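# Architecture and fold: a report
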Protein chains: 2
Amino acid sequence: MSDMTSAADAPRSPGRPRSVRADEAIVEATLDLLAEGNSVETISIEAIAARAGVGKATIYRRWPGKDALLTDALRRLKGNPPAPAGRSIRDDLVVLVSAVGHHIDPRAARIMPCLVPRVNRSPDEYQLYQSIIEPRRALMREVLRRGIRTGELRPDLDIEVTMAMLTGPMLIQRVLRWHPDLDDAGLPERVVDGVLEGIRAR
Amino acid sequence: MSDMTSAADAPRSPGRPRSVRADEAIVEATLDLLAEGNSVETISIEAIAARAGVGKATIYRRWPGKDALLTDALRRLKGNPPAPAGRSIRDDLVVLVSAVGHHIDPRAARIMPCLVPRVNRSPDEYQLYQSIIEPRRALMREVLRRGIRTGELRPDLDIEVTMAMLTGPMLIQRVLRWHPDLDDAGLPERVVDGVLEGIRAR
DNA sequence: AAGATACGGAACGGTTCCGTATCGTTAGCG
DNA sequence: CGCTAACGATACGGAACCGTTCCGTATCTT
């Protein structure tokens, strides 16, 4: 974690203040390098410093090591989940499902796959990942509960499983390109409608 | 790729033949190290050799480098997909969905997440991944088609999207632990039933 | 027995990276 | 102006790893 917090009420230490531009450049360079195909392991502090136009010492002044910098940089990718309009349940679900694996920062789509192995190894990273997606899950949970209240959805719905049914197809397709012949266009609508109506004949 | 193929009809070259035990030990050591938490990048030829009780030269005699060895080792993880019983569509789907992310080799479950970033970077790895899962997709496709023929499933079914709806939830939960509070026990049944019946009230 | 080849082990040079230290320089504060 | 700390740049020792090349030994074929 960087030490940029609690700088407001500090007694303004003497000397040259830390460059805000360097802060930004370091994090941006990290995300750029990750998005360009470097994995978390192969990325190096030296490459980040070179890309940011910064000395290595400037990085070590702010973060204790590579892992802390990476965790801090990944945290920046957390965008705000979209706000469903609140008209029909179907429309709201389409909005939320469309946003799965689709963050504000376009680099996130390329970086996210690198996170998958980390999530399974480091409890901290798992916690970070959960803290990013839980707000989106909460939003979807709320829409489903509303659907039950309004009578649009079955009252005996298993909400948590339903969220996985809506999120899973989008995630494996966007992160893993699970099915080469499945085009992303219109996929959210098709998934939402499929989950809504079911596949059993009647 | 190893050169163990086409050794049958070779004119039996003189000298000491390659040790089959070394072949096996190297691949096993590679998979063990991956399953123990080493990622594809952090794993080293030296570690593999040490674990296999083998000299590095013995590895380089067989594979040109680390990537070739890893690709070859990962190929071994491809198990055979399960055979659905063919009784009811629901039972068959439960069998297939239960097998998602659940290979014969127990190490596969731990190794698979490491494959995710590779799949997005190397076309070869993507091809390998597809060749592993396509037979399972084909099996599920066949069950869905049979369900349409027998009238158990809607005739206007989007088969490819339905497969994603069945596979996605299992995959994100088993590979990513997407939802901490979602227990794996009974999840296949709940997913299959959810997709079968839909969530819309009626 | 003789020849050929693979074996495990060890070493080597080259590369990369980390984390630290040390330059001379620069920006803000009193 | 003078103080102070951060700045970019560079160099360093240590470590890890790669790919290669030697050993002396083991094992198979002829």
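The structure this text deals with has already been given above.
Scoring rules and cut-offs
- Positions within a chain are numbered from 1, following the residues in the order the chain's sequence is written.
- Chains and ligands are labelled sequentially in the order written, the chains with letters from A and the ligands with numbers from 1.
- Reporting in this predicted model follows two pLDDT cut-offs: at least 70 for local features of residues, and 80 or more for side-chain atom pairs to be given and counted; totals over whole chains, interfaces and linings ignore these cut-offs and use all residues.
- Where side-chain values are given, they derive from all heavy atoms of the structure, hydrogens and water being excluded.
- Each helix corresponds to a stretch of at least 4 residues labelled H or I by DSSP, and each strand to a stretch of at least 2 residues labelled E; elements are numbered beginning at the N terminus.
- To be near a molecule or strand, a residue needs just one of its heavy atoms within 4 Å of it.
- Definition of a polar contact: a pair of N or O atoms within 3.5 Å, with one able to donate and the other able to accept a hydrogen when the atoms are protein atoms, and with sequence-neighbouring residues admitted only if both atoms are side-chain atoms.
- Classes in brief: Ala, Val, Leu, Ile, Met, Phe, Trp, Tyr, Cys and Pro nonpolar; Asp, Glu, Lys and Arg charged; the others, Gly included, polar.
- Copies overlap after least-squares fitting; the atoms used are the C-alpha atoms of residues with pLDDT of at least 70 in both.
- A fitted line through C-alpha atoms serves as each axis, taken over the contacting stretch for helices, and the angle formed by two N-to-C directions is quoted from 0 to 180°.
- Any angle between 65 and 115 degrees counts as roughly perpendicular, while under 35 counts as roughly parallel, over 145 as roughly antiparallel, and the rest as oblique.
- Should the near helix be turned counterclockwise from the far one by less than a right angle, the crossing is left-handed, whereas a clockwise turn marks it as right-handed.
- Whether two residues are in contact is decided by their heavy atoms, any of which lying within 4.5 Å being enough.
- Reported buried area values correspond to the accessible surface (1.4 Å probe) lost by two parts on association, with both partners' losses combined.
- Each reported salt bridge corresponds to a side-chain nitrogen of Lys or Arg within 4 Å of a carboxyl oxygen of Asp or Glu.
- Among buried residues, the Ala, Val, Leu, Ile, Met, Phe, Trp, Tyr and Cys ones that are joined through side-chain atoms within 4.5 Å form a nonpolar core.
- Each residue is placed in one exposure class: buried if its accessible area under a 1.4 Å probe, protein chains only, is under 20% of its type's maximum, exposed if it is over 50%, and partly exposed if it falls in between.
- When two cysteine sulfur atoms lie within 2.5 Å, the pair is treated as a disulfide.

## Remarks on the environment of Met112 of chain B
You can see Met112 of chain B is positioned in helix H6 (residues 108–121). On a C-alpha basis, the gap between Met112 of chain B and Ile132 of chain B in space is 12 Å, while along the polypeptide they are 20 residues apart.

## Observations regarding the protein's contact with DNA strand C
Around DNA strand C lies a shell of 22 residues, among which Ile45, Lys56 and Tyr60 of chain A together with Thr58 and Arg62 of chain B are the nearest. In DNA strand C, atoms within 4 Å of the protein come 67% from sugar and phosphate. For DNA strand C, a base oxygen lies 2.7 Å from a polar atom in the side chain of Lys56 of chain A. Listing elements by their share of the surface near DNA strand C, those giving two or more residues are helix H2 (45–52) and helix H3 (56–62) of chain A together with helix H3 (56–62) of chain B. It is H3 of chain B that provides the largest number of residues to the surface near DNA strand C, a total of four residues. Partitioned by chemical class, the residues of the surface near DNA strand C number seven nonpolar, six polar and nine charged.

## Topic: the relation of the copies chain A and chain B
When chain A is fitted to chain B, the best match, at an RMSD of 0.1 Å, comes from turning it 180° and sliding it 0.0 Å along the axis. A rotation of that kind, with that shift, is consistent with a two-fold axis.

## Description of the packing of helix H5 (residues 89–98) of chain A against helix H9 (residues 187–197) of chain A
All names here are of chain A. One can describe the packing of H5 onto H9 by two numbers: an axis separation of 9 Å at closest approach and a directional angle of 130°. In terms of orientation, H5 and H9 fall into the oblique class. As H5 runs across H9, the sense of the crossing is right-handed. Packed against H5, whose contacting residues are Arg90, Leu93, Val94, Val97 and Ser98, the element H9 presents Pro188, Glu189, Val192, Asp193 and Leu196 at the interface. Its residues assigned to classes, the contact of H5 with H9 comprises six nonpolar, one polar and three charged.

## Examining the interface of chain A and chain B
Contact residues are listed per partner, giving 57 residues for chain A and 57 residues for chain B. Summed over both sides, the interface between chain A and chain B buries roughly 5,400 Å², with carbon and sulfur atoms accounting for 62% of that surface. Of all residues in chain A, Trp178, Ile199 and Arg200 of chain A give up the largest surface area on contact with chain B, accounting jointly for 16% of the area buried on that side. The interface formed by chain A and chain B includes four salt bridges. Run the count over chain A and chain B and you get 28 residue pairs in polar contact (both at pLDDT 80 or more). For the side of chain A that touches chain B, the secondary-structure elements that each account for two or more residues are helix H6 (107–121), helix H7 (123–150), helix H8 (159–176) and H9 of chain A. When residues of the side of chain A that touches chain B are assigned to their parent elements, the largest contribution, 13 residues, is made by H8 of chain A. Of the residues contributing to the side of chain A that touches chain B, the split by class is 30 nonpolar, 13 polar and 14 charged.

## So, the protein's contact with DNA strand D
Around DNA strand D, the structure places 25 residues, and the nearest of them are Thr58, Arg61 and Arg62 of chain A together with Lys56 and Tyr60 of chain B. Counting only atoms of DNA strand D within 4 Å of the protein, the sugar-phosphate share comes to 63%. At a separation of 3.1 Å, a base nitrogen of DNA strand D approaches a polar side-chain atom of Arg16 of chain B. Breaking the surface near DNA strand D down by element, the ones donating at least two residues are H3 of chain A together with helix H2 (45–52) and H3 of chain B. Among the elements that line the surface near DNA strand D, the one with the most residues is H3 of chain A, at four residues. Of the residues in the surface near DNA strand D, the class split is nine nonpolar, seven polar and nine charged.

## Here we look at the pattern of salt bridges
A side chain of one charge can pair with a side chain of the opposite charge if their charged atoms are brought near each other. Residues and elements named next belong to chain A. Under the defined criterion, the tally for this structure stands at 41 salt bridges over all chains. Of the charged contacts, one joins Asp91 and Arg90 as a salt bridge, the two residues approaching to 3.6 Å between their closest N and O atoms. Shared partners join several salt bridges into a network, and the residues in it are Glu28, Asp32, Glu36, Arg51, Asp105 and Arg107.

## Quick notes on the nonpolar core
Ranked by internal contacts, the top residues of the largest apolar core, which has 130 residues, are Ile59 and Leu144 of chain A together with Ile59 and Leu144 of chain B. Ignoring anything within four residues of it in the chain, the contact list for Ile59 of chain B reads Ile26, Ile45, Ile48, Ala49, Val54 and Leu69 of chain B.

## Things to note about the state of the cysteines
The full count for this structure, using the stated rule, is zero disulfides over all chains. Lacking any disulfide linkage, Cys114 of chain A is separated from the closest cysteine sulfur, that of Cys114 of chain B, by 12 Å. Given a relative accessible area of 5%, Cys114 of chain B falls into the buried group.

## Description of helix H4 (residues 66–76) of chain B
If you check which residues of H4 of chain B are buried, you get Ala68, Leu69, Leu70, Asp72, Ala73 and Leu74 of chain B. Of the surrounding elements, those touching the buried residues of H4 of chain B are helix H1 (20–35), H2, H3, H6 and helix H7 (123–150) of chain B.

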